[in-house]
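Each chain, written out:
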Amino acid sequence: MLIFAKPNMAAARFIQLILPLRLEWEPFYKVPGDVSITIGDRVRVLFAGNFYTGVVSAVDGSPEISAEKIAFIEGKEETLPAISALEIEFWRQMAYYYLCTVGEVYKAAYPRMASQGSRLKLPQWTEPQDDITLSEEQADAFAKILPEKRPVLIHGVTGSGKTEVYLKLALQVLSEGKNVLFLVPEIALSLQLQERVMRHVGGALAYHSGLTPARRKQVASAVRNSPQYFILGTRSALFLPHRNLGLIIVDEEHDSSYKQDSPAPRYHARESAIMLAGIHGAKVVLGSATPSMESLYNAQIGRFARIVLPRPYHPGEKAFVEIIDISAERKKGGMAGNFSLKLLAHMKDVLEEGGKVLLLCSRRAYSPAVQCLECGFVPQCPRCNVSLALHRNPSRLVCHYCGHSEPFTGWCPQCGGELLPLGAGTQKIVDELIEYFPSARIARLDSDNAADEPEAIDEFAKGDIDILVGTQIVTKGFDFEGLRLVAVIEADNILAQQDFRADEKALQLMEQLRGRGGRRGEEALFVIQTRVPHHPVFALLESGAGSDVMLEERRLFCYPPFTRIIKITLRDRNAPRGAYMAAGLAGALSSHPLLQGMVVGPYSPQVSRIAGEDILEIRIMLPRDRRLQERKSAVSSAVNGFVSGKKYTGHVVIDVDPV
């Protein structure tokens, strides 16, 4: 880094900087006249008593304040690569759409400012062999996508061969000398897909949050400097220093993992990918067997082109659905623990025939709660208004929101009675399976053992594991050969959500789970255990008409995608102050001429206290019309004005398009 000991005041130039902070403006600084500086350079400055590395966003500007009040930069960061104009444009578009600041996007894109480290070299792109053979339906889809200027939604049933179409498109783009970004929702999915991509494309690079900072810098360096690249990554790969992008693929576009909840920018990778593609002039392909309502709506109004792959690639591929009423089974003695005897019999048959079994349990831990047998006491987290979950090995009570943990004695602290588990999590399901199938190889996959995720997925794919039990991760787009039985242990936990998207999410989850079985021409069985066998979601699952029905319901009730939602969350350790501020903010929003009649709340969410902070929410329902962005800007102005005027910084969060 270059330090300026005696800057030349007379010859100084003015620059503006993007700092990794929530600032509504880009501050001016001075640079000595003999120092070369351009847009995108990174410089070190002192701001509000702290040192930051900023990005030059403008040079030779005209500040409105006196030059004597403007500080000199501390120096130019010679070891850090410059930021491209395309990156800065992407940051600005994201900040504009998601009502945050450019500085917050910059911080997300470059979370750690350090030297690059060694470069990672890619092979020359003068591998790639187009050895992918498409079916007639796949070839037709490929031919329709090539000339299409709009984003393309591939709506293909599970096993229809969407990945082959993606890779065929990637090879075409690479042959034209352009680059490819392939997004997937989960790290484990990228690891399974990477081997497949490498067989056809060659030097694909993985990029996700599980990589070390040094490795992430290496990949970023390769993107900047290699002749060509193919990136396979999760949502954070959008922030790489892309250049000459020709294609962005968003696989499983419906998946909620594409949404960043915290911190800002609270972006969705699907919409952000479309922004990035527009900047680069790249083609966008979205794919899913269960498209989001937003994407189906965009196809309906002509914003997206929709291409349907209605049949599996391999003929005969199918997963039959069997719904088991566990209330009725329990009454007639047809249950053993959390398993119906019918499901256990199916599992026994599949295992004896050398097949695999995949089970979805929506809750991790041993049990989501415990209760006293004598007085009914349920241990709660002292910092959140949720029950403590029971974990085994070692036995502890744990809060899944703030991480609070305490030893589990097994006895009630109020009356001394015995504490018994309520419900079942993945740990308990595995314990029961070990009892029922002592010779089977059983593994568990959830966030408690996330470090073992790649190994478990690989072993299950190779047949080294017979039964895999997991939370929602197991429903992702994995391709498992020989998977003959998939099942939901208790579907009611998935259905009973306080969210207008509950049915959509449940249907997507079960359709995706069903799609894991019956691959490569095989037949499979999909078993659903439930206490509400006549729930409408199950009828939609079997009819295949779920998307059309739900989209019409959304239209009737004016829910997204026919409207847009902005969620405002207030958190405060002082509950009365939080309630007062929330009411005041709701009033300020409601009184704005552009927002009248569109503000709901404040109200308490289902979990209204986390980590000692009380939570209140305000929801703003915006019509999807020509004044949408104007109204979004009005929300931002009203919130920022209220927070600034009340000196309430750090308590209020704006989330555009929450999921």
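Scoring rules and cut-offs
- Residues numbered from 1 in each chain as written.
- Predicted model: local features only at pLDDT ≥ 70, side-chain atom pairs only at ≥ 80, totals over all residues.
- Heavy atoms only, no water.
- 1 Å grid on protein atoms, 1.4 Å probe; cavity = no way out; pocket = protein on both sides within 12 Å on 5 of 7 lines; lining within 4 Å.
- Points joined across faces, edges and corners; volume = space filled by probe spheres on them.
- Helix = DSSP H or I, 4+ residues; strand = E, 2+ residues; numbered from the N terminus.
- Nonpolar A, V, L, I, M, F, W, Y, C, P; charged D, E, K, R; others polar.
- Core = buried A, V, L, I, M, F, W, Y, C linked by side-chain atoms within 4.5 Å.
- Buried < 20%, exposed > 50% of the residue type's maximum accessible area, 1.4 Å probe, protein only.
- Contact = heavy atoms within 4.5 Å.
- Expected span 1.5 Å × (residues − 1).
- Arc of directions from axis to C-beta.
- Pairing = 2+ DSSP bridges.
- Axes fitted to C-alpha atoms, helices over the stretch in contact; angles between N-to-C directions.
- Polar contact = N/O pair within 3.5 Å; in protein donor to acceptor, adjacent residues only side chain to side chain.
- Phe/Tyr/Trp six-rings, centres within 6.5 Å; stacked < 30°, edge-to-face > 60°.
- Parallel < 35°, antiparallel > 145°, perpendicular 65-115°, else oblique.
- Left-handed = near helix turned anticlockwise from the far one by under 90°.

**Some details on empty space enclosed by the protein**
Thinking step 1. Looking at the largest cavity, its volume works out to about 40 Å³.
Thinking step 2. Lining the largest cavity are Leu86, Glu87, Phe90, Leu238, Leu240, His242, Leu276 and His280.
Thinking step 3. Among the secondary structure elements, those contributing two or more residues to the lining of the largest cavity are helix 1 (85–98) and helix 7 (269–280).
Thinking step 4. Looking at which element gives the most residues to the lining of the largest cavity, the answer is helix 1, with 3 residues.
Thinking step 5. Here the residues of the lining of the largest cavity are counted per class, giving 5 nonpolar, 2 polar and 1 charged.

**Here we look at the nonpolar core**
Thinking step 1. Trp91, Phe230, Ile231, Met510, Ile568 and Leu589 are the most contacted members of the largest nonpolar core, which has 146 residues in total.
Thinking step 2. The element that contributes the greatest number of residues to this core is helix 4 (residues 162–175), accounting for 8 residues.
Thinking step 3. Those residues within four positions of tryptophan 91 in sequence are excluded, and the remaining contacts are Ile18, Val55, Ile83, Val102, Val105, Tyr106, Ala109 and Tyr110.
Thinking step 4. Grouped together as the second largest cluster of nonpolar side chains are 23 residues, Leu344, Val350, Val430 and Leu485 included.

**A few points about helix 16 (residues 546–557)**
Thinking step 1. For helix 16, which comprises 12 residues, the first-to-last C-alpha distance of 17 Å matches the rise-based estimate of 16 Å (1.5 Å per residue) to within 8%.
Thinking step 2. Every buried residue of helix 16 is accounted for by Gly546, Met550, Leu551 and Arg554. Seen end-on, helix 16 carries its buried residues on one side only, within an arc spanning 120 degrees. Seen from the buried face of helix 16, the exposed residues on the opposite side, beyond 90 degrees, are Asp548 and Leu556.
Thinking step 3. Taken from the residues just after helix 16, cysteine 558 is the one with a positive phi, measuring 60 degrees.

**What to know about the sheet that holds strand 21 (residues 405–407)**
Either a parallel or an antiparallel arrangement is found when strands of a sheet pair, and the pairing is made through backbone hydrogen bonds.
Thinking step 1. An order of 19-20-21 is seen for the 3 strands of this open sheet, with the pairing classed as antiparallel. In this open sheet, the two strands that pair with only one neighbour each are strand 19 (389–391) and strand 21. Within this sheet the neighbouring strands show an average axis-to-axis angle of 30 degrees, counted without direction.
Thinking step 2. Sheet topology note: the strand 19/strand 20 (residues 396–398) ladder contains 3 bridges and is antiparallel. Bridge pairing links histidine 391 to arginine 396 in strand 20.

**Some points on the side chain of lysine 259**
Thinking step 1. If you trace the backbone, lysine 259 turns up in the loop between strand 11 (245–251) and helix 7.
Thinking step 2. A distance of 2.9 Å separates the side chain of lysine 259 from the side chain of aspartate 655, its partner in a polar contact.
Thinking step 3. Those residues in contact with lysine 259 that sit more than four places away from it in its chain are Tyr98, Arg235, Arg266, Tyr267, His268, Asp655, Val656, Asp657, Pro658 and Val659.

**Some remarks on the sheet that holds strand 26 (residues 523–530)**
Thinking step 1. Here 6 strands make up an open sheet; going across it, the order is 14-26-25-17-24-23 and the pairing parallel. The open sheet has two edge strands with one neighbour each: strand 14 (318–325) and strand 23 (442–445). Averaged over neighbouring strand pairs, the angle between their axes works out to 15 degrees when direction is ignored.
Thinking step 2. Summarising the sheet, strand 14 and strand 26 pair through 8 bridges and their orientation is parallel. Looking at the pairing, phenylalanine 320 lines up with leucine 525 of strand 26.
Thinking step 3. Against the sheet, helix 12 (residues 453–462) contacts strand 17 (356–360), strand 23, strand 24 (467–470) and strand 25 (483–488), and its axis sits at roughly 140 degrees relative to strand 17.
Thinking step 4. Lying on the sheet, helix 15 (residues 536–543) is in contact with strand 14 and strand 26; it crosses strand 26 at an angle near 170 degrees.

**Points about the packing of aromatic side chains**
Given two aromatic rings, one states the distance between the centres and the angle between the planes to describe the pair.
Thinking step 1. In total, this model carries 13 aromatic pairs according to the counting rule given.
Thinking step 2. Taking 6.1 Å as the distance between ring centres and 70 degrees as the angle between the ring planes, the aromatic pair formed by tryptophan 91 and tyrosine 110 counts as edge-to-face. Placement of tryptophan 91 in helix 1 and of tyrosine 110 in the loop between helix 2 (102–109) and helix 3 (136–145) is noted, with a sequence separation of 19 residues between them. In terms of burial, tryptophan 91 and tyrosine 110 fall into one category: buried.

**Some details on unusual backbone geometry**
Thinking step 1. Across the junction of serine 262 and proline 263, the peptide omega takes the value -5 degrees, indicating a cis bond.
Thinking step 2. A cis geometry characterises the amide bond from glycine 601 onward to proline 602, with omega recorded as 10 degrees.
Thinking step 3. As for its position among the elements, proline 602 is in strand 28 (residues 599–603).
Thinking step 4. Of note in the backbone geometry, alanine 365 takes a positive phi value of approximately 75 degrees without being a glycine.
Thinking step 5. Looking at where alanine 365 falls in the secondary structure, it is placed in the loop between strand 17 and strand 18 (369–372).
Thinking step 6. For alanine 365, a relative accessible area of 0% gives the class buried.

**A closer look at the packing of helix 3 against helix 4**
Between two packed helices, the angle of one axis relative to the other and the distance separating the axes together describe the packing.
Thinking step 1. Contact geometry of helix 3 with helix 4 gives a least axis separation of 10 Å together with a crossing angle of 45 degrees. By the criterion of interaxial angle, the relationship of helix 3 to helix 4 is oblique. Helix-helix and strand crossings are classified by hand; for helix 3 and helix 4 the assignment is right-handed. Contacts between helix 3 and helix 4 involve Gln138, Phe142 and Ile145 on the former and, on the latter, Glu164, Val165, Lys168, Leu169 and Gln172.
Thinking step 2. When grouped by side-chain class, the residues that make up the contact of helix 3 with helix 4 number 4 nonpolar, 2 polar and 2 charged.

Everything listed is a geometric property; what it means functionally is a separate question.
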